[in-house]
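# Residue-level structure breakdown
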Amino acid sequence: MRYTVSIFKKHLLIYTLMTVVCLSGCVQEEFATPPKKTENSVEFSLSVFDVKMPSVASRSMVGVGEANKEDEVQSVDILVFDASVEPPVLLEWVEVESQNIEQNLAGGSSKVDFSAPLTLSSKKVCIAVVANCSLSGLTKGTPKNAVLNSLIFQNSGKWLADADNYTAIPMYGEIEVAKIEPSVSIANIEMKRMLARIDIQNSTSNFKIEDVYLANFNTNGYVSPEWDSNGKINLTPTAPNMPSDPGKTLGAENAIRYQVNGAASYIGEIYALEASAAIDAGGVGEDGNASRKNATCLIVMGKMIENGVAVGDSYYYRVDFTQKVTIEEGTKVEYMPLMRNYKYVVDINEVSGPGFTDKVDALASYTVMSNMKTRVISYNRNKIKDVVYNGQYMLGV
């Protein structure tokens, strides 16, 4: 097993971190390499869960066996925190070299195995695992909440998701152990992808989708799920975990284009950082609410079909992430957040007429009743394992 361990600088500890920025394609800072050792090797096993759902063939990073790059773990950094104190503090940082990571995607397994040399400890420790993200600037003794706050990922454009040209999705997982003993094994660390995935399903017979645009998207996101003041991870979050500056990119001119080219299903191509749900206070007086106007959304471009042929002009339609909820008076529509490790299926089930002739007007149409009817289905990929969907109903177990 080859490995690289960061050497912590010996100076007065300052509990303020430089932001750790994970850039796709960047080169990780080089650290001094200590002499190789074989003692205190800890065996790790990670799990990357996903939903088993039938899908069409795709050139995206979603596929079967070796083609399923969504689950791939290319690099691993281990952060060991002293959990016997509050808040826990960083004790050790170990980088596992990619060639030592074992993952057989061809076997249909999401299990990831590797070993790493960790310092023995008689204290309770929290072991955090960061996958597919280059780290730098961490200092021994830093509180865990400050470390997590420094782990910020940036992506300013389209996520590379082609089967032959893709960026592995950053993931985070952690586990607490009573102590680190020689030859200990640590299994069942659940990894969560930090991105949301958005799939498109066209269930109509009278509309051809040409392009889809992702608009008003965020460019900054935390690698870790939500945590409290002591760095304890919230295992059941109900809202996104975003930096104070999520780097929202606004405007139709900055929207990311995806070429659907008439496909009935567009799968594993659109990925987004977490985004808050728009706030809809209700009433005409709230129509100018910036959170509704600037909410992360899709713009769908396409043509009406007559006698099996796409005809006429191309029209644009804004599609917000909304869902119907049951209330005492009946039902209402509310905005949805984009959550990490969630999958969103946007099902276009009716197009009754034309949209807008340009995407600028479509993006500004958040107060206008649309001629495109959609249904958004979302689920946590770590919670639901098998899904059957017939275009109208979904059953997940």
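For the structure, check the block above.
All values reported here derive from a predicted model rather than from experimental measurement. (Residues numbered from 1 in each chain as written. Predicted model: local features only at pLDDT ≥ 70, side-chain atom pairs only at ≥ 80, totals over all residues. Heavy atoms only, no water.)

Following Glu86, the chain continues into Pro87 via a peptide bond in cis, with omega recorded as -5°. The topology assignment puts Pro87 in the loop between strand 4 (76–82) and strand 5 (89–96). A positive phi angle is found at Asn188, which is not glycine, with a value near 60°. Along the chain, Asn188 falls in strand 12 (residues 185–193). By relative accessible area, Asn188 is classed as exposed at 61%. The backbone of Asn341 sits at a positive phi, close to 65°, despite the residue not being glycine. Locating Asn341 in the fold gives a position in the loop between strand 21 (330–335) and strand 22 (342–351). (Helix = DSSP H or I, 4+ residues; strand = E, 2+ residues; numbered from the N terminus. Buried < 20%, exposed > 50% of the residue type's maximum accessible area, 1.4 Å probe, protein only.)

Glancing now at the pattern of salt bridges. Across all of its chains, the model carries 11 salt bridges by this definition. A salt bridge links Glu70 to Arg197; its shortest N-O distance comes to 2.9 Å. In this pair, Glu70 sits in the loop between strand 3 (41–48) and strand 4 while Arg197 sits in strand 13 (residues 196–202), placing the two residues 127 residues apart along the sequence. Side by side, Glu70 and Arg197 carry an identical accessibility label, which is buried. Here Lys124 makes a salt bridge to Glu176, at a shortest N to O gap of 3.9 Å. Taken together, the residues span a long stretch of sequence, with Lys124 in the loop between strand 6 (111–117) and strand 7 (125–131) and Glu176 in strand 11 (residues 171–177) at a distance of 52 residues. Assessed through its relative accessible area of 39%, Lys124 is described here as partly exposed. Since its relative accessible area comes to 47%, Glu176 is described here as partly exposed. (Salt bridge = Lys/Arg side-chain N within 4 Å of Asp/Glu carboxyl O.)

Here the focus is the sheet that holds strand 22. Spatially, the 4 strands line up as an open sheet ordered 17-13-22-23, and their pairing is mixed. Two strands close off the open sheet at either side, each with one partner strand: strand 17 (265–272) and strand 23 (372–380). Geometrically, the sheet is characterised by an average inter-axis angle of 25° between neighbouring strands, direction not taken into account. As judged from the 6 bridges shared by strand 13 and strand 22, these two strands associate in the parallel manner. Bridge pairing links Ile200 to Val346 in strand 22. (Pairing = 2+ DSSP bridges. Axes fitted to C-alpha atoms, helices over the stretch in contact; angles between N-to-C directions.)

The next subject is the environment of Lys123. Along the chain, Lys123 falls in the loop between strand 6 and strand 7. As a C-alpha pair, Lys123 and Val177 span 54 residues in sequence and 8.8 Å in three-dimensional space. Excluding residues within four positions of it along the chain, Lys123 makes contact with Asp82, Ser84, Val177, Ala178 and Lys179. (Contact = heavy atoms within 4.5 Å.)

Moving on: the packing of aromatic side chains. This model, assessed by the stated rule, comprises 7 aromatic pairs. Each ring, one from Phe153 and one from Trp159, has its centre 5.6 Å from the other, and the planes form 45°; the classification is tilted. According to the relative accessible area criterion, Phe153 is buried, its value standing at 2%. Taking the relative accessible area as the measure of exposure, Trp159 reaches 4% and is therefore buried. Three or more aromatic residues joined by ring pairs form one cluster here, namely Phe321, Tyr342 and Tyr344. Over the face of the ring belonging to Phe81 we find Lys144, whose NZ or CZ atom lies 5.9 Å from the ring centre. We note Lys158 situated over the ring of Tyr258; from NZ or CZ to the ring centre the distance is 4.9 Å. (Phe/Tyr/Trp six-rings, centres within 6.5 Å; stacked < 30°, edge-to-face > 60°. Lys NZ or Arg CZ within 6 Å of the ring centre and 35° of its normal.)

Read from one edge to the other, the open sheet built from 4 strands follows the order 16-14-18-19, with strand pairing classed as antiparallel. For this open sheet the edge positions go to strand 16 (256–259) and strand 19 (309–320), each flanked by a neighbour on one side alone. The sheet shows a mean angle of 20° between the axes of neighbouring strands, taken without regard to direction. Of the pairings in the sheet, the one linking strand 14 (residues 207–215) to strand 18 (residues 297–306) comprises 8 bridges and is antiparallel in character. From the neighbouring strand, Phe207 faces strand 18, where its bridge partner is Met304.

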